[in-house]
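Working through the structure, step by step
Read off the chains here:
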Number of protein chains: 2
Amino acid sequence: MNEAPRISRQFSLCMVMEAIVHCGPISRASIAKQTGLSKQTISEIARQLEEDGWIRETGRTTGHVGRSAVTYEIVPDAACIATVDLGGTKVRAAIADLSCQVLAEVTEPTDERGGIHVIRQMARLCREAADLNNITYEKMRMAVVGVPGAPDQEKGRIAMSPNVTGFDTLDVRATLAGELGVEVILENDVNLAAIGEHWIGSVAGVDDLAYIAIGTGIGAGLMVGGELVRGFGNAAGELGFLPFGTDPFEAESLQVGALERVTATVGIRRRYKELSGTELDVPGIFDALQAGDAHAVQVLDETARYVARAVAAICAITNPGKVVLGGSIGSRMELVERVRDLLPLCFPSPVELDVSELGARVAIVGGAAVGLTHLHATLFSGGIPGAEITLPPARVVKLVEAAQ
Amino acid sequence: MNEAPRISRQFSLCMVMEAIVHCGPISRASIAKQTGLSKQTISEIARQLEEDGWIRETGRTTGHVGRSAVTYEIVPDAACIATVDLGGTKVRAAIADLSCQVLAEVTEPTDERGGIHVIRQMARLCREAADLNNITYEKMRMAVVGVPGAPDQEKGRIAMSPNVTGFDTLDVRATLAGELGVEVILENDVNLAAIGEHWIGSVAGVDDLAYIAIGTGIGAGLMVGGELVRGFGNAAGELGFLPFGTDPFEAESLQVGALERVTATVGIRRRYKELSGTELDVPGIFDALQAGDAHAVQVLDETARYVARAVAAICAITNPGKVVLGGSIGSRMELVERVRDLLPLCFPSPVELDVSELGARVAIVGGAAVGLTHLHATLFSGGIPGAEITLPPARVVKLVEAAQ
DNA sequence: TAATAAGTTCGGTAACAGAACGAACTAAAA
DNA sequence: TTTTAGTTCGTTCTGTTACCGAACTTATTA
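Report on the accompanying structure. Note that this is a predicted model, so its numbers are computed, not measured. (Residues numbered from 1 in each chain as written. Chains lettered and ligands numbered in written order. Predicted model: local features only at pLDDT ≥ 70, side-chain atom pairs only at ≥ 80, totals over all residues. Heavy atoms only, no water.)

Some remarks on the nonpolar core
- Counting 126 residues, the largest nonpolar core has W199 of chain A together with W199 of chain B as the members making the most contacts within it.
- Core analysis: the second largest hydrophobic core is formed by 98 residues, V355 of chain A together with A210, L259 and I329 of chain B among them. (Core = buried A, V, L, I, M, F, W, Y, C linked by side-chain atoms within 4.5 Å. Buried < 20%, exposed > 50% of the residue type's maximum accessible area, 1.4 Å probe, protein only.)

Following this line, the structure appears as structure tokens:
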């Protein structure tokens, strides 16, 4: 890439790249038709892109009348990004290449020592994931890390991250960037999940959506018009603080959140113990439900009622076209079906409710989407507003499970 | 404007227009410095714009060393738009010109016959507002109409519009467009209010905000990242259906909305009657409050509690940087101050809460913002994404009250 | 008159469109 | 099977638009 190509050239280049990324192997003549640019311009740009190693010839067309055309495709391993999902118990890492494939994924239990150890672990997993796909590490351009809590992009710290010790004071972003040698983007894991589902999950194509994660806590990732809603203080989607469930004016609600107290793990377990006298963990309560335990049924019904109200609250405020439930509790069909039945009773217009399609991988996929968008922007659109390359639809992406 | 100017020229033209719109009378040399384009290019574009009648010479600079510069400004009456606020009781219309001034405003009681009569009334008021400013009617390019309820852009109808009869079946958009002879945009009045406050109101410059209107009903206009949140079915901000206040699972809540029943006009009056036995209208209840009526105090306190919870719900979901209250009830300081006191008790992080600055005019101003943005886009940016002209800040806009 | 800034004129270059043309391929006629 | 017509691909060439930068002219202040 030269010093400063003219704005119109950058625009054309973007259109060409978008055509190639989206339409797989494609001839120059087709690109010309699709973009409206002249054949001559396309040839010029293609020559440049091939010289710089971003695209390559891939074959020729045959079978139809007329001269056969040379087809071009992205060089998948010309560049790649890493995506990491840092959970309280597990760390997942994957590589996504320039052709928007999400490649082999590596998983490990989170290093319990926390702090710098976890950062080194993430860096190591990124390298391992790259090795697994025979991608030379130097091709990596950036890493996206999904973390619980609210990351502060400037200071690189992560506020409200109860699961990993030491991340509230350490500059996670800079430290990891140092270890990896590339730019690092931190993002809330639920936000990434929303982006992932929007890209190739159960809400693909719907630009107004909500992803609700219910597990240790309750939180949502929201998209409006295809853009993530971050909020003024990066605190959008903090459903735990919705003012119902318990009395929001109780002092305790300022700590844990009125709704969080009754819909998340702790609340469910407490309620079950109150009713039955027995201590069970959440999977245990779901097992009891299957076995016909009346207390479990009651707890689940109550929880579903609160979740339905949370969904109603989101619908009243942002009116998404689809709502996805996820997280260890939110992805249980027993809960989803109850919520589905209750929603029409507390909200006037019908709401499409679905379970997360990508399951535990959703944040990884979302991170890949974020990383690839950034990658395309920096490599090809040259910072020109309105010249973004949209990610190709689901069909080109496949997930490869790596043996551990 | 020629057939199809090259994309780079369109871009440059936009930058030049933006500089002139924002920086008032400005010399070509200054534009060159600001935009980074060469002096030669600016002269060329300025010549073109002057020929087409969009800008004109306005004077020369003096006082500093060097040759004096010719300054240019927008020709304000080269084009204009009309903006109408259609309320249940009043219709307001105003004209906004190309230099982003909102000019004289005309008000009338809404024609009670409804339907086509109201449409003719709006058309007449637009013409009157133009006449008042000696703007020839032919210069008008489009009209923006703020309406209660949810307008359907395609069919031109307005769903849920209880205040004007016949608007749920009539193609309001097409009919008014026919009467006026220009394109018409319909928009929810609360959404326009949010846009108005964002442009030159109490949240100017804050890109994540909520405008809550409390009056006959309760509704919100939301902006995220400077963009309006419309929602999948144009139903974002329907706060009346937030699932608290009354039991959201009651059948009645599907009709009127659990929260609407206790925070809007009817709910407040009902509650006051329950407590005191006396029937009063809302202004009367506020008067009683001033007079120290204990029942009025209790009703207002309860209402403020519900409003605080509604604000908390919005903050939990979209986390705006500022929240504005408006509408006949929402703009009463007695209520705003109570809500301000209650918010820290039910939401953990501090929330900036303000009253609407533009009062009854807020929708008119919002409509002007929408219309002018469209006008600039169609006239100068030629449909190129990322080449939008942002509206100039508040200082250039003044409101002129027209004698009725 | 010197310094400075505004604005114009004059090459030179990048980017693109469109026409013309050669190359490669298919299918149907000889 | 060979030839030929028709079709599409891709390149070359030419002309236009848009831009920049340097040199130059003009106007103004000190």
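Let's pick the thread back up.
Overview of the relation of the copies chain B and chain A
- With an axial shift of 0.0 Å and an RMSD of 0.1 Å, the rotation relating chain B to chain A amounts to 180°. Considering both components of the superposition, the chain copies are consistent with a two-fold axis. Within chain B, G386 of chain B has its C-alpha nearest the rotation axis, a separation of 2.2 Å.
- Of the residues that chain B buries at the interface, 98% are likewise interface residues in chain A, meaning the two copies contact each other through the same surface. (Least-squares fit on C-alpha atoms with pLDDT ≥ 70 in both. Contact = heavy atoms within 4.5 Å.)

Re helix α4 (residues 115–132) of chain A
- With 18 residues, α4 of chain A extends 26 Å between its outermost C-alpha atoms, agreeing within 8% with the 26 Å of an ideal straight helix rising 1.5 Å per residue.
- In the segment just after α4 of chain A, N134 of chain A is the residue with positive phi, at about 55°. (Helix = DSSP H or I, 4+ residues; strand = E, 2+ residues; numbered from the N terminus. Expected span 1.5 Å × (residues − 1).)

A word on the interface of chain B and chain A
- The partner chain A presents 45 residues to the 46 residues of chain B that form the contact.
- Counting each side, the surface lost to burial between chain B and chain A is near 3700 Å², with a carbon and sulfur contribution of 72%.
- Contact with chain A buries surface across chain B, with F249, I317 and N319 of chain B losing the most and accounting together for 20% of the total.
- Scanning the region where chain B abuts chain A turns up 0 salt bridges.
- At the boundary of chain B and chain A, one finds 10 residue pairs in polar contact (both at pLDDT 80 or more).
- Secondary-structure elements contributing two or more residues to the side of chain B that touches chain A are α1 (7–22), β12 (218–224), α10 (294–317) and α12 (333–346) of chain B.
- The leading source of residues in the side of chain B that touches chain A is α10 of chain B, at 8 residues.
- Residue composition of the side of chain B that touches chain A, by class: 32 nonpolar, 9 polar and 5 charged. (Buried area = accessible area lost by both parts, 1.4 Å probe. Salt bridge = Lys/Arg side-chain N within 4 Å of Asp/Glu carboxyl O. Polar contact = N/O pair within 3.5 Å; in protein donor to acceptor, adjacent residues only side chain to side chain. Nonpolar A, V, L, I, M, F, W, Y, C, P; charged D, E, K, R; others polar.)

What about the protein's contact with DNA strand C?
- Every one of the 27 residues lining DNA strand C counts as a neighbour, but S12 and R67 of chain A together with K39, S43 and V70 of chain B are closest to it.
- When the atoms of DNA strand C within 4 Å of the protein are grouped by moiety, sugar and phosphate amount to 68% of the total.
- The backbone of A29 of chain B places a nitrogen or oxygen atom 3.3 Å from a phosphate oxygen of DNA strand C.
- G66 of chain B places a polar main-chain atom, nitrogen or oxygen, 3.4 Å from a base oxygen of DNA strand C.
- At the level of secondary structure, the elements contributing two or more residues to the surface near DNA strand C comprise α1 (7–22) and α3 (39–51) of chain A together with α2 (28–35) and α3 (39–51) of chain B.
- Looking at the surface near DNA strand C, its residues break down into 6 nonpolar, 13 polar and 8 charged. (Near = heavy atom within 4 Å.)

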